[in-house]
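Letter by letter, the chains look like this.
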Amino acid sequence: MNWGAQGSETGLMSSERSIKPPGTRKIGLALSSGMARGWAHIGALRALRQLGVSFDIVAGSSAGALIGGCYLADKLDELEVWVTSLNRRKLLSYLDLHLGRGGLIKGDRLVAELRRTIGPLRIENLRIPFVAVATDLVTGHEVWLQKGDVTDALRASFSLPGLFPPIEMDGRWLADGALVDPLPVAACRALGADMVIAINLNTDIIGKSRQSSAQANMGVGFDPLTWLEGGERTAASSITESLARGMFRRDYDRPSIFGVMTTSLSIMQDRLTRSRLAGDPPDVHITPRVGHIGLLEFDRSEEAIREGEEAVERRRPELMDALQVLRFA
């Protein structure tokens, strides 16, 4: 994987009817982190496409990078089919627990599924410039992945510390991009965007209050221990199952270790996003209300996707006004 300053050639899908202003002015799309809440990006992109909005630049962090990469690879429909098929049994089948590589889950099974969907595609060959944001664990620097294998870049961008191990690329150990920039508006600006539409999944932290106190304390969003006790066992060894029981065990009157880790990340992303946006706000800020969805509730995709569509509809007047202003600027 290489890091470069040049983007790929721009273009539009032939099936899209663009209302993008004519001329050389460019529209950028920034997609935020959000883990399981990231499925809302699918609905938002679908709604934007139905409105005829197209983009010249896409930048994503963590879950936003995953959705943005699949969108530009023209695999968003396939991804939606897969995520809406996720259930407890299938989710457990992807939990290849391993404690020796800097994370609880190796992620090899997820990456294999992603690679089968996307294929051997390189960022340079995408139809418009794309940036996947990652974090250099040694220097703490923000890294913009703009060249190389798409799946490798996405894997680096969503390597949540503690959950997935970091990835070594070109002598750098890379982790989740949300650690440095959960909503990469700045990347869109740097690549020449005159207008940036941002989809931010980190604004609804208060949404957890809509859950019961037990669910709010859990923080994670799903309980693998309950699934194991419910009889949905995998072919994992007894040692792996024992590790799972130990890691996911929780009391209903207090947060679990795993819940503390993921909820702390959610708080950090919210505060960091606010700080970054104070200096470089987007022109249109779309904020799906997904705070009530647990960070690892990947099986609630239909709800998240629907909220992504509704969030775009709520911002439709603002979006149309911004496009009109850009057209005559």
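How each quantity is defined
Residues numbered from 1 in each chain as written. Predicted model: local features only at pLDDT ≥ 70, side-chain atom pairs only at ≥ 80, totals over all residues. Heavy atoms only, no water. Helix = DSSP H or I, 4+ residues; strand = E, 2+ residues; numbered from the N terminus. Contact = heavy atoms within 4.5 Å. Areas by Shrake-Rupley, 256 points an atom, 1.4 Å probe, with all protein chains shown as cover. Buried < 20%, exposed > 50% of the residue type's maximum accessible area, 1.4 Å probe, protein only. Polar contact = N/O pair within 3.5 Å; in protein donor to acceptor, adjacent residues only side chain to side chain. Pairing = 2+ DSSP bridges. Right-handed = clockwise from strand over helix to strand, strands pointing away. Patch = residues over 30% accessible without salt bridge, like charges linked within 9 Å, V, L, I, M, F, W, Y side chains within 5 Å. Salt bridge = Lys/Arg side-chain N within 4 Å of Asp/Glu carboxyl O. Core = buried A, V, L, I, M, F, W, Y, C linked by side-chain atoms within 4.5 Å. Axes fitted to C-alpha atoms, helices over the stretch in contact; angles between N-to-C directions. Parallel < 35°, antiparallel > 145°, perpendicular 65-115°, else oblique. Left-handed = near helix turned anticlockwise from the far one by under 90°. Nonpolar A, V, L, I, M, F, W, Y, C, P; charged D, E, K, R; others polar. Phe/Tyr/Trp six-rings, centres within 6.5 Å; stacked < 30°, edge-to-face > 60°.

(A) The arrangement of the overall build of the chain in detail. Scanning the chain from terminus to terminus reveals 13 helices and eight strands. Put simply, of all contacts in the chain between residues at least 6 apart along the chain, 80% involve residues at least 24 apart. When the accessible area of the chain is evaluated, it comes to approximately 14200 Å², of which 51% is carbon and sulfur surface.

(B) Representation of helix α6 (residues 150-157) in the model. Of all eight residues that make up α6, seven are buried, and the element is covered over most of its length. Along α6, the residues classified as buried are V150, T151, A153, L154, R155, A156 and S157. Its side-chain oxygen placed 3.1 Å from the backbone nitrogen of T151, D149 serves as the N-cap of α6.

(C) Region of the structure containing the pairing of strand β2 (residues 57-61). Of all five residues that make up β2, five are buried, and the element is covered over most of its length. Side chains I57, A59 and S61 project from β2 onto one buried face, and the interleaved V58 and G60 project onto a second face that is buried too. Across four bridges, the pairing between strand β1 (residues 27-31) and β2 is parallel. Bridging from a neighbouring strand, L31 pairs with G60 of β2. Regarding the hand of the β-α-β motif, the stretch spanning β1, helix α1 (residues 40-50) and β2 is right-handed. Bridge count between β2 and strand β3 (residues 130-136): four bridges; the pairing is parallel. By the bridge assignment for β3, V58 is matched with F130.

(D) Representation of a nonpolar patch on the surface in the model. On the surface, a cluster of nonpolar side chains totalling about 320 Å² of accessible area is made up of L137, V138 and W173. If you trace the backbone, L137 turns up in the loop between β3 and β4 (142-145).

(E) A look at the nonpolar core. Counting residues in each nonpolar core, the largest one holds 69 residues, and the members touching the most others are W39, F55, F130, L154, I197 and L319. Once residues lying within four places of it in the same chain are set aside, the contact partners of W39 are L66, I67, W82, V83, L86, F298, S301, A304 and I305. Core analysis: the second largest hydrophobic core is formed by 15 residues, I57, A59, V133 and L183 among them.

(F) Spatial organisation of the packing of α1 against helix α2 (residues 63-72). Relative orientation of the contacting elements α1 and α2 amounts to 40°, with a least axis distance of 9 Å. Overall, the two elements α1 and α2 adopt an arrangement that is oblique. The interaxial crossing formed by α1 with α2 has right-handed handedness. Here H41, I42 and L45 of α1 lie close against α2, whose contacting residues are A63, G64, I67 and Y71. Within the contact of α1 with α2, the residues separate by chemical class into five nonpolar, two polar and no charged.

(G) Just the pairing of β1, in detail. Of all five residues in β1, five are buried; the element is thus mostly enclosed. Burial of β1 is two-sided: the residues I27, L29 and L31 facing one way and the residues G28 and A30 facing the other way are all buried. Pairing between β1 and strand β7 (residues 195-199): five bridges, direction parallel. Paired with G28 across the two strands is V196, which belongs to β7.

(H) Quick peek at unusual backbone geometry. With a phi angle near 60°, S62 is a residue other than glycine that sits in the positive phi range. Of the residues examined, S62 reaches a relative accessible area of 5% and is grouped as buried. In this structure, D74 takes a positive phi of about 60° despite not being glycine. With respect to the helices, strands and loops of the structure, D74 is situated in the loop between α2 and α3 (76-84).

(I) Here's a closer look at the side chain of D149. Within the secondary structure, D149 is located in the loop between β4 and α6. When its relative accessible area of 14% is taken as the criterion, D149 is described as buried. A distance of 3.1 Å separates a polar atom in the side chain of D149 from the backbone nitrogen of T151. A distance of 2.9 Å separates the side chain of D149 from the backbone nitrogen of D152, its partner in a polar contact.

(J) Focus on the packing of aromatic side chains. Inspection of the entire model under this criterion finds two aromatic pairs. Between W39 and F298, the ring centres sit 6.1 Å apart and the planes meet at 65°, which makes this aromatic pair edge-to-face. Residue W39 is found in the loop between β1 and α1, and its partner F298 is found in the loop between β8 (284-286) and α12 (301-314); the two are separated by 259 residues along the sequence. A residue is classified by how much of its surface remains accessible, and W39, at 5% relative accessible area, is buried. Seen in terms of ring centroids, F158 and F164 are 5.7 Å apart; in terms of plane orientation they differ by 70°. Their pairing is edge-to-face. F158 sits in the buried class, given a relative accessible area of 15%.

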